[in-house]
Amino acid sequence: MLDLRDRFVVPPSPAAELRAFTHGLMPQTVPDLMAGFCEDWAERGVDAWNRVPDRWELGRETGWWALPEDLADAYVAPMLGAPAGTCVLQPNVHATVQMLLSCDAPFEGRTEVVMTEGEFPSVRHSVQRWAGLRELRPIDVPARPDGSVDLGAVADAITDRTAWVIVSHVGFSTGEVIPDDDLRRLAEAAHARGALFAVDGYHATASLVQDVEAIGADVYFGGLLKEACGSSGNAYLYVRPGLDLRPRLAGWFADADPFGFAPAPADHPDVRRRFLGGTTAVASMYHAVEGLRVLLDVGIAAVRADSLAKGARGIERADALGLPLRSPREDARRGAMVVLEVDDADRMVRWLKTRDVYVDARRGRLLRFSPFVWNPLADVDRLFDAVEEALATGAHRALAAADAGGPVT
Ligand SMILES: Cc1ncc(COP(=O)(O)O)c(C=O)c1O
């Protein structure tokens, strides 16, 4: 099993931070990099847009202007099994989805966007809102009764009217992985009808081996906030080579001649650059790939094996306590996050905090955790020892229902 505690800023022992699925820990290198940002800004000013020192082991010069492509080529593309020139950093998935839905071509003669009921709001709500902006009909495919994705129903929903098919690689509320072979079959079903296939890979990012070419994705997007430990302001987009997407929501950074200030816009010849919008937020890019660099160094396959093994220990302990598992049990279908049904889950989470064990709750009855590369197996045992104690004594029920400390648990 992996122990990468020395590569991240971990809370002081004995704290057990088990929430990588929601926000990863800070890599040790980040404070120096952020000091580097201040240095580059102070010393170079506007010239930093053209040239800054190579702080990311790119092996070549870069500048703030080129960072979204250079960092993506060096670290995001290898993570996705994608060729250089296909990936670009994005501020968040919401912005990416807006830009994708603003592309006319997939909608020529087509109106429908097929997605699953389990898509994250950045996708699902965006598609619904776009239904008022262009001739677009969201086709929502319901989950199976156990909450899993009904792949057959998704395939059946694809018709000659479909412009996009959008699915999550790993369900954000279920932790369910759609294996590459199944994604590939959906891609083929979409392509057979002339539709484009998009995958939201947020919960797969840096915790699952991602292979956009094996999947056959036309676009693949996700964020670096969670297991990739890149914090906020850092997401990414892959666009299949040769796919000529032209977002209408394109800012001047995406223009073919940004400093020509021509009266009319022109699409940048490099498709991925068309997704840059306006002036990029540079500071967040300084820390975007620091976690990824650590994880790519050990290999995402090793990260995945480690997370499966530690998660399995959690499942074993949950079984022993009779807590129903709400995420898949089978390795091939289980992401990094383990979801359990626990009565009074919000209070349980708050009580666990008093024991220095950090997990989260959803809808008052689901408890979620994901042991990651900085967690020794003992952290999983500490979690379940504490849960066992709470269930036996009812100590957590004595806590007030409100005051969870903020909207994010
Ligand atoms: C599947 C999925 N997509 C997207 C997001 C986040 O989207 P955004 O970058 O718009 O905040 C999340 C966040 O948890 C997610 O789980």
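Since the structure is predicted, the reported quantities are computational estimates derived from the model, not experimental observations.

J.: How should the overall build of the chain be read in this particular structure?
T.: Secondary structure assignment for the chain yields 12 helices and 14 strands. Against the 2.2 N^0.38 benchmark of 22 Å for 409 residues, the chain shows a C-alpha radius of gyration of 22 Å, consistent with a compact globule. In the chain, which comprises 409 residues, the proportion classed as buried is 54%. Restricting the contact set of the chain to residue pairs at least 6 apart, pairs at least 24 apart contribute 68%. With the model as given, the accessible surface of the chain reaches about 16,800 Å², and the carbon-plus-sulfur share is 52%. Across the chain, the mean location of the 43 positive side-chain charges is 4 Å away from that of the 59 negative side-chain charges.

J.: How should the environment of Val154 be read in this particular structure?
T.: Here Val154 lies in helix α5 (residues 151-157). Sequence separation between Val154 and Ala190 is 36 residues; the distance between their C-alpha atoms is 9.9 Å. Not counting residues within four places of it along the chain, the set of residues in contact with Val154 comprises Val114, Thr116, Val141, Val149, Val165, Val167 and Leu186.

J.: What am I meant to see in the site of the ligand here?
T.: Close to the ligand lie Asn92, Val93, His94, Phe120, Ser122, Phe172, Asp200, Tyr202, His203 and Lys226. Side-chain polar atom of Ser122 to an oxygen atom of the ligand: 2.6 Å apart, as the coordinates give it. One of the side-chain nitrogen or oxygen atoms of Asp200 is found 2.7 Å away from a nitrogen atom of the ligand. Burial of the ligand by the surrounding chains reaches 84%, relative to a free accessible area of 400 Å². Looking at the shell around the ligand, its residues break down into four nonpolar, four polar and two charged.

J.: Can you walk me through the packing of helix α9 (residues 290-298) against helix α10 (residues 300-320) in this structure?
T.: To characterise two packed helices, one gives the angle between the axes of the helices and the distance between these axes. It is at 5 Å that the axes of α9 and α10 come closest, and there the two elements cross at 90°. With respect to α10, the axis of α9 lies roughly perpendicular. Of α10, the residues touching α9 (which contributes Leu295, Leu296 and Val298) are Ile300, Ala302 and Val303. Residue classes in the contact of α9 with α10 are distributed as six nonpolar, no polar and no charged.

J.: Even after reading the chapter, I still don't get the environment of Glu188, so can you show me in this structure?
T.: Mapped onto the elements, Glu188 comes out in helix α6 (residues 180-192). When the C-alpha atoms of Glu188 and Ala155 are compared, they prove to be 9.5 Å apart, with 33 residues separating the residues in sequence.

J.: Sorry, what's going on with helix α4 (residues 121-130) here?
T.: Because an α-helix completes one turn every 3.6 residues, residues spaced three or four positions apart along the sequence face the same direction. Within α4, burial applies to Ser122, Val123, Ser126, Val127 and Trp130. Projected down its long axis, α4 shows its buried positions confined to an angular sector of 120°, all on one face.

J.: What should I look at first to understand the domain arrangement of the chain in this one?
T.: Interface size is commonly expressed as the accessible area that is lost once the parts come together. We note that the domain assignment places domain 1 (5-21 + 299-397) and domain 2 (32-295) within the chain. Look at where the C-alpha atoms of domain 1 and domain 2 centre, and you get two points 29 Å apart. Each side of the interface is counted separately: domain 1 has 24 residues, and domain 2 has 22 residues. Taken together, both faces of the contact between domain 1 and domain 2 bury some 1,900 Å²; the carbon and sulfur share is 62%. Its largest share of buried area at the contact with domain 2, domain 1 owes to Phe21, Ile300 and Arg333, together 31% of the area lost on that side. Counting the contacts that link domain 1 with domain 2 gives two salt bridges. Taken together, domain 1 and domain 2 are joined by seven residue pairs in polar contact (both at pLDDT 80 or more).

Conventions and cut-offs
- Residues numbered from 1 in each chain as written.
- Predicted model: local features only at pLDDT ≥ 70, side-chain atom pairs only at ≥ 80, totals over all residues.
- Heavy atoms only, no water.
- Helix = DSSP H or I, 4+ residues; strand = E, 2+ residues; numbered from the N terminus.
- Rg over C-alpha atoms; globule rule 2.2 N^0.38 Å.
- Buried < 20%, exposed > 50% of the residue type's maximum accessible area, 1.4 Å probe, protein only.
- Contact = heavy atoms within 4.5 Å.
- Areas by Shrake-Rupley, 256 points an atom, 1.4 Å probe, with all protein chains shown as cover.
- Lys, Arg positive; Asp, Glu negative; His and termini not counted.
- Charge placed at Lys NZ, Arg CZ, Asp CG, Glu CD.
- Near = heavy atom within 4 Å.
- Polar contact = N/O pair within 3.5 Å; in protein donor to acceptor, adjacent residues only side chain to side chain.
- Nonpolar A, V, L, I, M, F, W, Y, C, P; charged D, E, K, R; others polar.
- Axes fitted to C-alpha atoms, helices over the stretch in contact; angles between N-to-C directions.
- Parallel < 35°, antiparallel > 145°, perpendicular 65-115°, else oblique.
- Arc of directions from axis to C-beta.
- Domains from an automatic or database assignment.
- Buried area = accessible area lost by both parts, 1.4 Å probe.
- Salt bridge = Lys/Arg side-chain N within 4 Å of Asp/Glu carboxyl O.

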